[in-house]
Amino acid sequence: MNIHPTAIVASSAVVPKSCSVGPYSTIGPNVVLGEDCELVSHVVLDGHLTVGARNRFFSFACVGVAPQDLKYKGEPTAAVLGDDNIIRECVTISRGTVGGGGTTRIGSNCLFMAYAHLGHDSVVGDGCIIANGAAIAGHVVIEDFVTVGALNQVHQYCRIGKYAYTGGGTTVTQDVLPFSLTSAKRETHAYGLNKVGLERKGFNEQRLRALQRAYRLLLASKLNTTQAIEQLKADGIATEDVTYLVEFIEKSERGVLK
């Protein structure tokens, strides 16, 4: 059996010979692993946790751990994972609570990116992607083939329908429609030149004046971006900094924030 000598595996845990348990990982007494699972290193598997085949757990993932619920008093609740899931670094998945049905469930072929959290008694379907830093509260239902964007917050008892996609930074406080693209408003703007920061980096007054002129045309004039670029070229203020700025905008494939 491929268990690193620094790993701690409870004698009653079920760990098939095909599994790999990396350095400093811990597997609790009520954990049952399927075939060909891999714990890369420093993984914690705890509680009444049942894991299907071919799941990969990366460093510092904590799965089946006690729920973050003050009502929880150590009851023998559970977490269940299907097959072929990838649980990346520092992901936390809580087991269930008595009041919530007792079991947190994840289907198969899901990807939990680094630092994502899945709360107690939540259900995740098959083929889902939970992106970096997403915080999913307890009692949430995420149906099949959903993508939850980075840094999302999903309120307890919400549902996200099949094939939905929630954009990065979205706070979900109600159910998300199946098949939808749902996102928070994007109101990010460029507010002007980073003058103080550039001065600290050694930009002299001449360089700053040229850039300020360029930024006034880009942000404060009535010209659109294409017109502002044409005006900058026509003005002949071809300092190295302004030339770089113009080239940066012209090479943009997604457009620039203004």
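Above this note sits the structure.
Residues numbered from 1 in each chain as written. Predicted model: local features only at pLDDT ≥ 70, side-chain atom pairs only at ≥ 80, totals over all residues. Heavy atoms only, no water.

Visitor: Which residues make up the layout of surface pockets, and what values do they have?
Guide: Put simply, the largest pocket is a space of about 210 Å³. Elements with a minimum of two residues in the lining of the largest pocket: helix H2 (205-220) and helix H4 (240-250). With 4 residues, the top contributor of residues to the lining of the largest pocket is H4. For the lining of the largest pocket, the residue count by class is 7 nonpolar, 2 polar and 1 charged. (1 Å grid on protein atoms, 1.4 Å probe; cavity = no way out; pocket = protein on both sides within 12 Å on 5 of 7 lines; lining within 4 Å. Points joined across faces, edges and corners; volume = space filled by probe spheres on them. Helix = DSSP H or I, 4+ residues; strand = E, 2+ residues; numbered from the N terminus. Nonpolar A, V, L, I, M, F, W, Y, C, P; charged D, E, K, R; others polar.)

Visitor: Before we move on, could you go through the packing of aromatic side chains and cite the residues and values that matter?
Guide: Under the criterion given, the structure shown has 3 aromatic pairs. Here the aromatic rings of Phe145 and Tyr163 are separated by 5.1 Å at their centres, their planes lie at 20°, and the arrangement is stacked. Here Tyr163 lies in the loop between strand E23 (159-160) and strand E24 (165-166) and Phe145 lies in the loop between strand E20 (141-142) and strand E21 (147-148), a separation of 18 residues in the sequence. By relative accessible area, which is 46% here, Tyr163 ends up partly exposed. Counting every residue linked through ring pairs, the aromatic cluster contains Phe145, Tyr163 and Phe179. Taking the ring centre of Phe58 as reference, the NZ or CZ of Arg88 above it sits at 3.9 Å. If you follow Arg207 out to its NZ or CZ, it ends over the ring of Phe203, 3.7 Å from the centre. (Phe/Tyr/Trp six-rings, centres within 6.5 Å; stacked < 30°, edge-to-face > 60°. Buried < 20%, exposed > 50% of the residue type's maximum accessible area, 1.4 Å probe, protein only. Lys NZ or Arg CZ within 6 Å of the ring centre and 35° of its normal.)

Visitor: Give me the lowdown on the pairing of strand E11 (residues 78-81), citing residues and values where you can.
Guide: The two faces of a sheet get side chains in turn, since along a regular strand they alternate between them. Of the pairings in the sheet, the one linking strand E8 (residues 48-51) to E11 comprises 4 bridges and is parallel in character. Bridging across to E11, Leu49 finds its partner in Ala79. Note: E11 against strand E14 (residues 103-106), 4 bridges, orientation parallel. Paired with Leu81 across the bridge in E14 is Ile106. (Pairing = 2+ DSSP bridges.)

Visitor: Give a detailed account of the environment of Lys233, specifying residues and quantitative values.
Guide: For Lys233, the location among the structural elements is in helix H3 (residues 225-235). Sequence separation of Lys233 and Tyr165 is 68 residues, and the distance between their C-alpha atoms is 41 Å. Residues in contact with Lys233, not counting those within four places in the same chain, are Val246 and Glu250. Engagement of the side chain of Lys233 in a polar contact is seen with the side chain of Glu250, the distance being 2.5 Å. (Contact = heavy atoms within 4.5 Å. Polar contact = N/O pair within 3.5 Å; in protein donor to acceptor, adjacent residues only side chain to side chain.)

Visitor: Please set out the pairing of strand E10 (residues 62-65) residue by residue, giving values where relevant.
Guide: Bridge count for strand E7 (residues 44-45) against E10 is 2 bridges, and the pairing is parallel. For Val44, the partnering residue across the bridge sits in E10 and is Cys62. Summarising the sheet, E10 and strand E13 (residues 92-94) pair through 3 bridges and their orientation is parallel. Pairing of Val65 across the sheet is with Ser94, part of E13.

Visitor: Quick rundown of the sheet that holds strand E2 (residues 8-9)? Include the residues and the values.
Guide: Spatial strand order, E2-E4-E7-E10-E13-E16-E19-E22-E25: 9 strands in an open sheet with parallel pairing. Of all strands in the sheet, those bounded by a partner on one side alone are E2 and strand E25 (171-172). Both strand E19 (residues 135-136) and strand E22 (residues 153-154) contribute to a ladder of 2 bridges, which runs parallel. Counterpart to Ile136 in the pairing with E22 is Val154.

Visitor: Report on the nonpolar core, specifying residues and quantitative values.
Guide: In terms of nonpolar packing, the biggest core is built from 42 residues, with Leu45, Phe112 and Ile142 touching the most fellow members. Those elements that place two or more of their residues in this core are E8 and E11. In contact with Leu45, other than residues within four places in its own chain, are Thr26, Ile27, Gly28, Val31, Leu33, Leu39, Phe57 and Val63. Leu198, Ala210, Val246 and Ile249 belong to the second largest nonpolar core, which has 15 residues in total. (Core = buried A, V, L, I, M, F, W, Y, C linked by side-chain atoms within 4.5 Å.)

Visitor: Give me the lowdown on the packing of H3 against H4, citing residues and values where you can.
Guide: Closest axis-to-axis distance for the H3/H4 pair is 11 Å, and the angle between their directions is 150°. Looking at the two axes, H3 sits roughly antiparallel to H4. Viewed along their axes, H3 and H4 form a crossing whose handedness is left-handed. Contact with H3, carried on its side by Thr225, Ile229, Leu232 and Lys233, involves Val242, Val246, Ile249 and Glu250 of H4 and no other residues of that element. Classifying every residue of the contact of H3 with H4 by side-chain character gives 5 nonpolar, 1 polar and 2 charged. (Axes fitted to C-alpha atoms, helices over the stretch in contact; angles between N-to-C directions. Parallel < 35°, antiparallel > 145°, perpendicular 65-115°, else oblique. Left-handed = near helix turned anticlockwise from the far one by under 90°.)

These figures capture arrangement, not role.
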